[in-house]
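# Descriptive analysis of the structure
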Amino acid sequence: NAGVTQTPKFQVLKTGQSMTLQCAQDMNHEYMSWYRQDPGMGLRLIHYSVGAGITDQGEVPNGYNVSRSTTEDFPLRLLSAAPSQTSVYFCASSLGVADTQYFGPGTRLTVL
Amino acid sequence: QQPVQSPQAVILREGEDAVINCSSSKALYSVHWYRQKHGEAPIFLMILLKGGEQKGHDKISASFNEKKQQSSLYLTASQLSYSGTYFCGTEMTDKLIFGTGTRLQVFP
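Procedures and definitions
- Residues numbered from 1 in each chain as written.
- Chains lettered and ligands numbered in written order.
- Predicted model: local features only at pLDDT ≥ 70, side-chain atom pairs only at ≥ 80, totals over all residues.
- Heavy atoms only, no water.
- Helix = DSSP H or I, 4+ residues; strand = E, 2+ residues; numbered from the N terminus.
- Rg over C-alpha atoms; globule rule 2.2 N^0.38 Å.
- Buried < 20%, exposed > 50% of the residue type's maximum accessible area, 1.4 Å probe, protein only.
- Contact = heavy atoms within 4.5 Å.
- Areas by Shrake-Rupley, 256 points an atom, 1.4 Å probe, with all protein chains shown as cover.
- Lys, Arg positive; Asp, Glu negative; His and termini not counted.
- Charge placed at Lys NZ, Arg CZ, Asp CG, Glu CD.
- Pairing = 2+ DSSP bridges.
- Axes fitted to C-alpha atoms, helices over the stretch in contact; angles between N-to-C directions.

## Overview of the overall build of chain B
Across its full length, chain B carries zero helices and 11 strands. Ordered by position from the N terminus, the helices and strands of chain B form the series β-β-β-β-β-β-β-β-β-β-β. Its C-alpha atoms give chain B a radius of gyration of 13 Å, near enough to 13 Å, the size a compact globule of 108 residues would have. With the C-alpha coordinates of chain B rotated into their principal frame, the extents come out at 40 × 25 × 20 Å. Taken over 108 residues, chain B has a buried fraction of 47%. Counting only contacts in chain B whose residues sit at least 6 apart along the sequence, the fraction spanning at least 24 positions is 54%. Surface exposure of chain B reaches about 5400 Å², of which carbon and sulfur atoms provide 47%. Once the 11 positive and 9 negative side-chain charges of chain B are each reduced to a mean point, those two points are 6 Å apart.

Here's what the structure looks like:
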């Protein structure tokens, strides 16, 4: 049981490049979400999904896309990276929004 | 929309107590508490549901005032392992929104 896995652990991009952050869970959780963490800002919700085929926006969705074609995977796509997207990104999963959130180890992204 | 946490930082000696507060301007369905060590992912501590049900930690307690949309986390007889950043998360219609965090440092 691997829990929540995220790849890559570190990534450096140039402004304007696109990339996908991968998130997978093997706990058969319906609820998955993406957060970004910046100093002094806490954890800010980017997008979330209550089940396969259903996604919705969080607090800071601009510049990011998500899809949920399977229960296990919830990738986050950066369309055209900007320096303001330099951050640590955490994926989380749970049975539901009111249940224990299991966080992945995070991806540290730097945009130059 | 982010809940407000106070204080922003706390410094304690081992054995001392601390209270961390979390308040929201919106109606809440539940309140979650997580602790994060530097360079690591947040770890679950506790969930408080409307109606008073709690799920979580043996050595840490919390309260949830639904009418005031506030929650408090009580850390008693603190240990060195309690050091970290504490986040409250407030559930609002399918979304879990976290506060900006309270940094707790416990010294011997």
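Text resumes after the structure shown.
## Some details on the sheet that holds strand β8 (residues 76–78) of chain A
All names here are of chain A. Taking strand neighbours across the sheet as the criterion, the four strands line up as β1-β3-β8-β7 in an open arrangement whose pairing is antiparallel. Looking at which strands have only one partner, the edges of the open sheet turn out to be β1 (4–7) and β7 (64–66). The mean inter-strand angle of the sheet, taken between neighbouring strand axes irrespective of direction, is 20°. Summarising the sheet, β1 and strand β3 (residues 19–25) pair through four bridges and their orientation is antiparallel. For glutamine 6, the partnering residue across the bridge sits in β3 and is cysteine 23.

Honestly, that's just the spatial picture; any functional story needs more than this.
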